[in-house]
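Tertiary structure, described
So the chains spell out like this:
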Amino acid sequence: MAQIIENNSGGKGEGKRKPKKHSTAIDMTPMVDLMCLLITFFMLTTAFSKPKAMEIVLPEKNKDTSKTKSPQIPEARTLNIILGENETVYWYIGMANPNKPPLPTLTKTDFSKDGIRKVLLEKNKDVFQKIYELKDKITTGKLVIPKDSITSEIKKIKNEDKVGPIVLIKAADKIKYKNFVDIIDEMAITNIARYAVVDINPVEVKLLETAPK
């Protein structure tokens, strides 16, 4: 609150009366109280930022380990993605086995909309279309299901997929961590049902040396 203090000067007997001088004293106590109330209000009502986590679907744990066998991956469905230097991406279908010539040829692409995303959409068009149609029915109101069940329905579509690609992600030396995050994001964007991060093998290292830069 502002308070005006009058300062009377002069008295009787003076020939000319001087104007009164006023001094202002500001009381900041109400302002401090208001600031504290606002800070308390925003602290109680503001949602704190939650840590962002990358969602990765893992296979269910097999309780019976005595009969566990290594999964057999069909070569025709195997899509190998190799992350190279300078934002480059290479891919090929099948397995690079020196005992089964000829060796595959690496195809160069990038992270643009017409790059590796287009390749993944073409290989995974069946699953992507089913998930797109499911979301469209929910958005338009043709299908009404609980919000918590949407993720379960999408997971069910992916588990029932028998023709989509099985993506093996491999990284060469000296790649940026950003590129690794980008390729995982592409898996989510294109609704890839099955993918794994594996080590690059020596045959692929040699193929990478002779691949187009």
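This report concerns the structure included in the present document. As the structure is a prediction and not an experimental result, all values here were calculated from the model.

**Considerations on the side chain of threonine 190**
The residue threonine 190 is located in the loop between α5 (177–189) and β7 (194–197) in this model. Overall, threonine 190 belongs to the buried group, its relative accessible area being 0%.

**Brief notes about the side chain of threonine 109**
In this fold, threonine 109 is placed in strand β5 (residues 107–109). For threonine 109, the side chain forms a polar contact with the main-chain nitrogen of isoleucine 116, separated by 3.4 Å. Among residues more than four places away in sequence, those in contact with threonine 109 are Thr88, Val89, Trp91, Gly115 and Ile116.

**A short note on the sheet that holds β5**
Taking strand neighbours across the sheet as the criterion, the 5 strands line up as β5-β4-β3-β6-β7 in an open arrangement whose pairing is mixed. Of all strands in the sheet, those bounded by a partner on one side alone are β5 and β7. Direction aside, neighbouring strands of the sheet carry axes that sit 25° apart on average. Of the pairings in the sheet, the one linking strand β3 (residues 78–83) to strand β4 (residues 89–93) comprises 5 bridges and is antiparallel in character. The residue of β4 that forms the bridge with leucine 79 is isoleucine 93.

**Points about the environment of asparagine 97**
Here asparagine 97 shows up in the loop between β4 and β5. With a relative accessible area of 24%, asparagine 97 lands in the partly exposed category. Each C-alpha atom, one on asparagine 97 and one on valine 203, is 7.5 Å from the other, the two residues being 106 residues apart in sequence. Within polar-contact distance, the side chain of asparagine 97 engages the backbone nitrogen of asparagine 99 at 3.0 Å.

**Observations concerning a nonpolar patch on the surface**
On the surface, Ile26, Met28, Met31, Val32, Leu34, Met35, Leu38, Ile39, Phe41, Phe42 and Met43 cluster together into a nonpolar patch covering about 1100 Å² of accessible area. If one sorts the elements of the nonpolar patch by residue count, helix α1 (residues 29–45) sits on top with 9 residues. Tracing the chain through its elements places valine 32 in helix α1. Owing to a relative accessible area of 39%, valine 32 belongs among the partly exposed residues under this scheme.

**Notes on the nonpolar core**
Ile81, Ile116, Leu120, Val167, Ile183 and Met187 are the most contacted members of the largest nonpolar core, which totals 15 residues. Put simply, the parts of the chain that give this core at least two residues each are β3, β4, α2 (116–123), β6 (166–171) and α5. Not counting residues up to four positions away in its chain, the partners in contact with methionine 187 are Ile81, Leu120, Val167, Ile169, Ile192 and Tyr195. Ranked by size, the runner-up nonpolar core spans 10 residues in total, among them Tyr90, Tyr92, Leu106 and Leu207.

**Things to note about the pairing of β7**
Moving residue by residue along a regular strand, the side chains alternate between the two faces of the sheet. Inspection of the sheet shows β6 paired to β7 by 4 bridges, in the parallel sense. Bridge assignment links isoleucine 166 to a residue of β7, and that residue is arginine 194. Each parallel crossover has a hand, and for β6 linked through α5 to β7 it is right-handed.

**Considering the pairing of β4**
Burial analysis of β4 places 4 of its 5 residues in the buried class, the great majority of the element. The hairpin turn running from β3 into β4, its antiparallel successor, is 5 residues long, and asparagine 86 in that turn takes a positive phi close to 60°. Relative to β5, β4 runs antiparallel, the two being bridged by 3 bridges. Each residue of the ladder has a partner; that of tryptophan 91, found in β5, is threonine 107.

What counts, and where the lines are drawn
Residues numbered from 1 in each chain as written. Predicted model: local features only at pLDDT ≥ 70, side-chain atom pairs only at ≥ 80, totals over all residues. Heavy atoms only, no water. Helix = DSSP H or I, 4+ residues; strand = E, 2+ residues; numbered from the N terminus. Buried < 20%, exposed > 50% of the residue type's maximum accessible area, 1.4 Å probe, protein only. Polar contact = N/O pair within 3.5 Å; in protein donor to acceptor, adjacent residues only side chain to side chain. Contact = heavy atoms within 4.5 Å. Pairing = 2+ DSSP bridges. Axes fitted to C-alpha atoms, helices over the stretch in contact; angles between N-to-C directions. Patch = residues over 30% accessible without salt bridge, like charges linked within 9 Å, V, L, I, M, F, W, Y side chains within 5 Å. Areas by Shrake-Rupley, 256 points an atom, 1.4 Å probe, with all protein chains shown as cover. Salt bridge = Lys/Arg side-chain N within 4 Å of Asp/Glu carboxyl O. Core = buried A, V, L, I, M, F, W, Y, C linked by side-chain atoms within 4.5 Å. Right-handed = clockwise from strand over helix to strand, strands pointing away.

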